[in-house]
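So you can see what is in the structure, the chains are spelled out below.
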Amino acid sequence: MDLDKIVRNFKEKLKEVEKELSDPSVISDSDRLKELSKEHSRLKTISQIYNDLKSKEEEIDGWKELLESASEDESEEIKQTIDSLKRERKKLEMDLKLLLVPDRNSDRNTIVEIRAGAGGEEAALFAGDLFKMYTRFAENRGWKVELINSNETDLGGFKEVVFHIKGKEAYTIMKYESGVHRVQRVPETESGGRIHTSTATVAVLPEATEVDVEIDPGDLRIDTYRASGAGGQHVNKTDSAVRIVHNPTGIVVAVQSERSQHQNKQKAMNFLRAKLYDKKVREQDEKLSNRRKTQIGTGDRSEKIRTYNFPQNRITDHRINFTTHRLEDVLNGELDEIIESITEEELKLKLQELLKEVNN
């Protein structure tokens, strides 16, 4: 990847932005000034990180030269230094790539919806496993998880579970989890020892604000009902649960996690707003001819993205042909290796498109 050529192009843009910022007509236009100042900050950071990256590469080359003439005692210490510098270089390179192709929703929290698919009770148990996996992953990152709604089964699985994740870059990091997850294992409910295949669908939505999506109250049908738990038993004696139907789109959301009807309604509106914003963004993206070339698995919700094979202790992400035999670790929330591999592949595709634009 010719990062040098791409960054040179961005440095030229930086000069243009700096020139425009000195224009008196821009200074008097607060909206334009704010927009240009934000872009100037990004371009300036790109230039600085690129310079740091080049310095780091020169430092590595210097230590490699020393290694050639080093004694046996010195060699091990120099190798450790080089390895450390390479890790620093990799981080700088990733930071640079993320700035070159920014995610419009990078600063947003996320709402995650998991639904049991084919496989009956086993699919519901798998949905529960995914919920635990994401909860632990979020905790490892210091994110806050808040339950929005759940429909639990008698065996502790979920027909559906919806939750809010609040934390730095939550949506950007989680977005690649959208799609169909497949599990292959002997179900707890199966006495014959046969391997079953079940599925669960994950939807990762960027949190939206009232500015992003304006909802006309006249477009809504709001119903209240009694919240119920696993097996259908009532867990609340008042009509605190809330269901909202958005008539123009047919989108339905339901929330019963709180005892207060007002709190459930607020959560339901946030969930609806996220769904409507996600729909708007997808429709905009579909108009771009290069969408499929530059995005990995964040479009079609029916796309099978990953298989969890218990007999072989194997997880395979089908989008990038990534396989690991650390199934138990991943289900305990250690998703970093998979997500980093997907992120790197997506950035590679986006940067290829960016280089084509630069060359044209």
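Our subject is the structure listed above.
Keep in mind it's a predicted model, so treat the numbers as computed, not measured.

This part is about the overall build of the protein. Per the secondary structure count, the protein includes 10 helices and 11 strands. Seen through its C-alpha atoms, the protein measures out along the principal axes to roughly 75 × 65 × 35 Å. Each of the 360 residues in the protein was classed as buried or not, and the buried ones make up 43%. A fraction of 62% describes how many contacts in the protein between residues 6 or more apart in sequence connect residues 24 or more apart. Between the averaged position of the 60 positive side-chain charges in the protein and that of its 69 negative side-chain charges there is a distance of 5 Å.

An order of 2-3-1-5-4-9-10-11 is seen for the 8 strands of this open sheet, with the pairing classed as mixed. Looking at strand neighbours, the two that pair on one side only are strand 2 (144-152) and strand 11 (322-324), the edges of this open sheet. In this sheet, neighbouring strand axes are inclined to one another by 15 degrees on average, regardless of whether the strands run parallel or antiparallel. Strand contacts of helix 7 (residues 261-286): strand 1 (110-116), strand 2, strand 3 (158-166) and strand 5 (196-206), with the helix running at about 90 degrees to strand 5, the strand carrying the most contacts.

Moving on, we come to the packing of aromatic side chains. Tallied over the full model, the rule gives 4 aromatic pairs. Where Phe126 meets Tyr308, the ring centres are 5.4 Å apart and the plane angle is 70 degrees; that geometry is what we call edge-to-face. Of this pair, Phe126 sits in helix 5 (residues 120-140) while Tyr308 sits in strand 9 (residues 304-309), and the two are 182 residues apart along the sequence. For Phe126, a relative accessible area of 1% gives the class buried. Ring geometry for Phe137 against Trp143: centres 5.8 Å apart, planes inclined by 90 degrees, an arrangement best described as edge-to-face. In terms of burial, Phe137 and Trp143 fall into one category: buried. In textbook terms, an aromatic cluster arises when at least three aromatic residues are bridged by ring pairs, as seen for Phe131, Phe158 and Phe163. Positioned over the ring face of Phe10 is Lys13, at 4.8 Å from the centre of the ring. Arg243 extends its terminal NZ or CZ atom over the ring of Tyr225, reaching a point 4.5 Å from the ring centre.

Parameters and conventions
Residues numbered from 1 in each chain as written. Predicted model: local features only at pLDDT ≥ 70, side-chain atom pairs only at ≥ 80, totals over all residues. Heavy atoms only, no water. Helix = DSSP H or I, 4+ residues; strand = E, 2+ residues; numbered from the N terminus. Buried < 20%, exposed > 50% of the residue type's maximum accessible area, 1.4 Å probe, protein only. Contact = heavy atoms within 4.5 Å. Lys, Arg positive; Asp, Glu negative; His and termini not counted. Charge placed at Lys NZ, Arg CZ, Asp CG, Glu CD. Pairing = 2+ DSSP bridges. Axes fitted to C-alpha atoms, helices over the stretch in contact; angles between N-to-C directions. Phe/Tyr/Trp six-rings, centres within 6.5 Å; stacked < 30°, edge-to-face > 60°. Lys NZ or Arg CZ within 6 Å of the ring centre and 35° of its normal.

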